[in-house]
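For reference, the chains in residue letters:
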Amino acid sequence: MQGGTQQFVVVAAGDGPPIDVPEGAFVIAADGGLERALSLGLEVAVAIGDFDSAAAESVRAAEQRGTRIVRHPTAKDATDLELALDEAVSLGAERLLVIASDGGRLDHLLGVLLLLGAESYRELEVEAVIGEAAVSVVRGSRTVTGTRGDLLTLLPLHGAAHGVETTGLDYPLRNETLECGSTRGISNIFTTTEATITVASGVLMAIRPGDAT
């Protein structure tokens, strides 16, 4: 078991901007995420999936460098990303950064967002970089960083989020309920470099969309 406070990083398939990954992170590649991880100069500890989107030579080269390859059949009941997240949980991860693309199929992108807030990962502190956007999954209380004037959107996942409170945002929430499907939490604004978000029950996704407006 790895576990503890070590940062785990899961890299999904697709292109994206350069990303600084914490030194010493335990890196898991989800299928074609192996290509993205290699392009970022990461040392991949585990690569997992059916490997329909990773080049065979990349998989062989990774295995020769000591990467553990976990193969699954093409006909399976979970995406490669979900298999990679489950692998992180099985290794005792507590802190998880997911690197994914915001391009490609809309259904895959929506699936990624919903997956990050799934009950299966409630014990994880989950962050993600999806394209240019930074994402934090909020259960209980989280502090997210930004720059004064940056946008921050709060979206409830898998049901309503109750008892929502915020500090450091232009439009504060005080013991509010954000209903799933409501747009009320879209486009709040940082008033300082940190915002604190507290949820009494439910789960929120805090999205900093980067340069998007």
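Residues numbered from 1 in each chain as written. Predicted model: local features only at pLDDT ≥ 70, side-chain atom pairs only at ≥ 80, totals over all residues. Heavy atoms only, no water.

Quick look at the overall build of the protein chain now. Looking only at helices and strands, one finds four helices and 13 strands in the protein chain. For 213 residues, the compact-globule formula gives about 17 Å, and the C-alpha radius of gyration of the protein chain, at 17 Å, lands near that figure. Along the three orthogonal principal directions, the C-alpha set of the protein chain runs to about 55 × 35 × 30 Å. Counting over 213 residues, the protein chain shows a buried share of 46%. Contacts spanning at least 24 positions in sequence make up 59% of the contacts within the protein chain whose residues lie at least 6 apart. For the protein chain, the accessible area works out to roughly 10600 Å², and carbon and sulfur atoms hold 49% of it. (Helix = DSSP H or I, 4+ residues; strand = E, 2+ residues; numbered from the N terminus. Rg over C-alpha atoms; globule rule 2.2 N^0.38 Å. Buried < 20%, exposed > 50% of the residue type's maximum accessible area, 1.4 Å probe, protein only. Contact = heavy atoms within 4.5 Å. Areas by Shrake-Rupley, 256 points an atom, 1.4 Å probe, with all protein chains shown as cover.)

The subject of this paragraph is the pattern of salt bridges. For the structure on display, the rule yields nine salt bridges. Taking the shortest distance from any N to any O, the salt bridge between Asp 107 and Arg 105 comes out at 2.5 Å. Owing to a relative accessible area of 45%, Asp 107 belongs among the partly exposed residues under this scheme. Its salt-bridge partner being Glu 127, residue Arg 208 comes within 3.7 Å of it at the nearest N-O pair. Pair noted here: Arg 208 is in strand β13 (residues 201-208) and Glu 127 is in strand β6 (residues 125-130), with a separation of 81 residues, a long-range link. Exposure remark for Arg 208: the relative accessible area of 14% places this residue in the buried category. The class for Glu 127 is partly exposed, based on a relative accessible area of 23%. (Salt bridge = Lys/Arg side-chain N within 4 Å of Asp/Glu carboxyl O.)

So, on to the pairing of strand β9 (residues 151-167). Across two bridges, the pairing between β9 and strand β11 (residues 188-189) is antiparallel. Paired with Leu 151 across the strands is Ile 189, a residue of β11. As paired strands, β9 and β13 are joined by six bridges and run antiparallel to one another. Residue pairing in the sheet places Thr 153 in a bridge with Ile 207 of β13. (Pairing = 2+ DSSP bridges.)

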